[in-house]
Amino acid sequence: MKKTAIFLLSVIILLSVSGCGNTDRNSHSEKTGKQPEQSAENMAESLETDYADNHGNHESPGLNLSELSIKNSSDEKEAVFQLYDTKAAEKLYEQLPLVLDTENFRNAQWMFYLPESLPVTDDEAYHDGIKGELSYYEPWGDVFILYEDFYAGDEMHRLGICTSGTEYLESFDGTVTLEKLESSAEDQEGHRMGKQMRIMVDEHEIVFELNDSAAAESLYGQLPFQVEISDYSDDEKIFYPPEGLETSNTPLADAKTGTLAYFAPWGDVVMFYKEFGSYNGLYELGQIISGGEYIESIPEGTYVFEK
């Protein structure tokens, strides 16, 4: 009886080990085996699955906005995009003006093809697309406008962000016209003038030029206001605006000396006086244009920010 029980137990153990080994091999085969050709529809579904599985392990890099803006129009409706400071965005700008046919993809984006492909780098790639972004999908060579949030693989590259006309993007069906948007507002030294925020510290004036993002517009609309400025870490001064800022259509920050940014998780505005880089939830509001050398020495206390 005892021998029979030992024999049966041995058989069960062998079958269990065999089953585990087969499961491992099958899993490995599924992950590394060659996949069949996919249609555009199936490819998008696969990319969305990859995003859901890996979202926690990927962060979109911060990109600086450039001085370049373009206007996209379709059926008398217009949207303006401010381009990022990348080679791909610059190459897009050089090809304008263009009149191109659009195609709808998965009820989230309008895609179209440029005469020439765009140069991209791996460190600019991202997963999570946000409504209002202008991007480039390298494998297919198409530029696309997102009128809904969209999740995909690493080959998506941001070109710009919509700063006005977001509400019209969904109706860009058929043909779209892309043109350079020339800036006519220049100061006496020939520099572009935009929305500015300033603060007086003792006898020194510190001036930031804000970008065209929703968050910067939200901050600008609250001026003037009085707030407490505090030290944080060894590279920034922070304050809390009267109201939180809207971060849709706002670029992630790659903070450098003089960058003005908004840290959405805490709701504070940050004035950087040293190099910092990017961080999840950190959005760019603008850059210092005057008095940057005084930021580090701002004493903690109450100050008034104004236009």
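Colleague: Honestly, the overall build of the chain in this entry has me stumped. Any pointers?
Modeller: On a plain count of helices and strands, the chain comes out with four helices and 18 strands. When the 307 residues of the chain are sorted by exposure, 42% land in the buried category. Within the chain, counting contacts between residues at least 6 apart in sequence, those at least 24 apart form 65% of the total. For the chain, the accessible surface area stands at approximately 16,700 Å², while carbon and sulfur atoms represent 47% of it.

Colleague: Would you mind showing me how to read the sheet that holds strand S14 (residues 236–239) here?
Modeller: Note on sheets: strands pair through backbone hydrogen bonds, and any given pair is parallel or antiparallel. The strand order around the closed barrel formed by eight strands is S11-S12-S17-S15-S16-S14-S13-S18, and the pairing between neighbours is antiparallel. Going from strand to strand, the sheet's axes swing by 35° on average, the running direction of each strand aside. Sheet topology places strand S13 (residues 225–232) next to S14; three bridges connect them, and they run antiparallel. Residue pairing in the sheet places Tyr232 in a bridge with Glu236 of S14.

Colleague: Can you walk me through the environment of Gly160 in this structure?
Modeller: By secondary structure assignment, the location of Gly160 is in strand S9 (residues 150–164). Here Gly160 falls in the buried class, since its relative accessible area comes to 0%. With near-sequence residues (within four places) excluded, Gly160 lies in contact with Gln82, Leu83, Tyr84, Gly132, Glu133 and Leu134.

Colleague: Please explain the packing of aromatic side chains as it appears in this structure.
Modeller: Two aromatic rings, taken as a pair, are described by how far apart their centres are and by the angle between their planes. In this structure the tally under the stated criterion is 11 aromatic pairs. Taken together, a centroid distance of 5.3 Å and an interplanar angle of 80° make the contact between Phe263 and Trp266 edge-to-face. Looking at Trp266, the relative accessible area reads 46%, which means it is partly exposed. One aromatic cluster is present, built from ring pairs that chain together Phe105, Tyr137, Trp140 and Phe150.

Colleague: I keep staring at the side chain of His157 and nothing clicks. Help me out?
Modeller: Among the secondary structure elements, His157 is positioned in strand S9. There is a polar contact of 3.3 Å between the side chain of His157 and the backbone oxygen of Thr121.

Colleague: What is the right way to read the nonpolar core from this model?
Modeller: Soluble globular proteins: nonpolar side chains tend toward being buried together. Within the largest apolar cluster, 27 residues are counted, with the highest numbers of intra-cluster contacts made by Ile70, Leu92, Phe112 and Leu134. Of all the elements in the fold, those that place two or more residues in this core are strand S2 (77–84), helix H3 (87–94), strand S3 (98–101), strand S5 (109–113), strand S7 (133–137), strand S8 (142–146), S9 and strand S10 (175–180). With four residues, the single largest contributor to this core is H3. When near neighbours in sequence (up to four residues on either side) are disregarded, Leu92 contacts Ile70, Leu83, Leu114, Leu118, Leu134, Leu159 and Leu178. With 25 residues, the next largest nonpolar core counts Val201, Ile206, Tyr262 and Ile298 among its residues.

Colleague: Help me understand helix H4 (residues 214–222) in this model?
Modeller: Owing to its 3.6 residues per turn, the α-helix aligns residues three or four sequence positions apart on the same side. Those residues of H4 lying buried are Ala215, Ala216, Leu219 and Gln222. Summarising the axial view, the buried residues of H4 lie within an arc of 125°, below the 170-degree limit, and thus occupy one face.

Colleague: Could you clarify how one ought to interpret unusual backbone geometry in this entry?
Modeller: Note: most residues except glycine have negative phi, and most peptide bonds are trans. With an omega dihedral of 5°, the bond running from Leu96 to Pro97 counts as a cis peptide bond. Checked against the element boundaries, Pro97 lands in the loop between H3 and S3. The step from Leu223 to Pro224 runs through a cis peptide bond, and the omega angle for that step is -5°. Here Pro224 is to be found in the loop between H4 and S13. The phi torsion at Glu76 lies on the positive side, around 65°, for a residue other than glycine. Structurally, Glu76 can be placed in the loop between strand S1 (65–74) and S2. With a phi close to 50°, Asn107 is a non-glycine residue in the positive phi region. For Asn107, the location among the structural elements is in the loop between strand S4 (103–105) and S5. On the basis of relative accessible area, Asn107 is assigned to the exposed category, the value being 60%.

Colleague: It is not clear to me how the environment of Val80 should be interpreted in this structure. Could you clarify?
Modeller: Tracing the chain through its elements places Val80 in strand S2. Sequence separation between Val80 and Ile161 is 81 residues, and the spatial gap between their C-alpha atoms is 8.3 Å. Contacts of Val80, omitting those with residues within four sequence positions, involve Ser69, Ile70, Ile161, Cys162, Thr163, Ser164 and Leu181.

Colleague: Is there a simple way to think about a nonpolar patch on the surface in this case?
Modeller: A grouping of Tyr232, Tyr240 and Trp266 is seen on the molecular surface, where their side chains present a nonpolar patch of about 340 Å² in accessible area. With respect to the secondary-structure elements, Trp266 resides in the loop between strand S15 (259–263) and strand S16 (268–272).

Colleague: Help me understand the pattern of salt bridges, please; the structure alone is not making it clear to me.
Modeller: Charged atoms that come close allow side chains of opposite charge to pair. Applying the stated criterion across every chain, the model contains nine salt bridges. Residue Lys91 pairs with Glu116 through a salt bridge whose shortest N-O separation is 2.9 Å. With Lys91 in helix H3 and Glu116 in the loop between S5 and strand S6 (125–129), this residue pair connects regions lying 25 residues apart in the sequence. A salt bridge links Asp254 to Lys256; the shortest N-O distance between them is 3.3 Å. Each member of the salt-bridge network shares a partner with another, and the members are Lys71, Glu78 and Glu179.

Conventions we followed
Residues numbered from 1 in each chain as written. Predicted model: local features only at pLDDT ≥ 70, side-chain atom pairs only at ≥ 80, totals over all residues. Heavy atoms only, no water. Helix = DSSP H or I, 4+ residues; strand = E, 2+ residues; numbered from the N terminus. Buried < 20%, exposed > 50% of the residue type's maximum accessible area, 1.4 Å probe, protein only. Contact = heavy atoms within 4.5 Å. Areas by Shrake-Rupley, 256 points an atom, 1.4 Å probe, with all protein chains shown as cover. Pairing = 2+ DSSP bridges. Axes fitted to C-alpha atoms, helices over the stretch in contact; angles between N-to-C directions. Phe/Tyr/Trp six-rings, centres within 6.5 Å; stacked < 30°, edge-to-face > 60°. Polar contact = N/O pair within 3.5 Å; in protein donor to acceptor, adjacent residues only side chain to side chain. Core = buried A, V, L, I, M, F, W, Y, C linked by side-chain atoms within 4.5 Å. Arc of directions from axis to C-beta. Patch = residues over 30% accessible without salt bridge, like charges linked within 9 Å, V, L, I, M, F, W, Y side chains within 5 Å. Salt bridge = Lys/Arg side-chain N within 4 Å of Asp/Glu carboxyl O.

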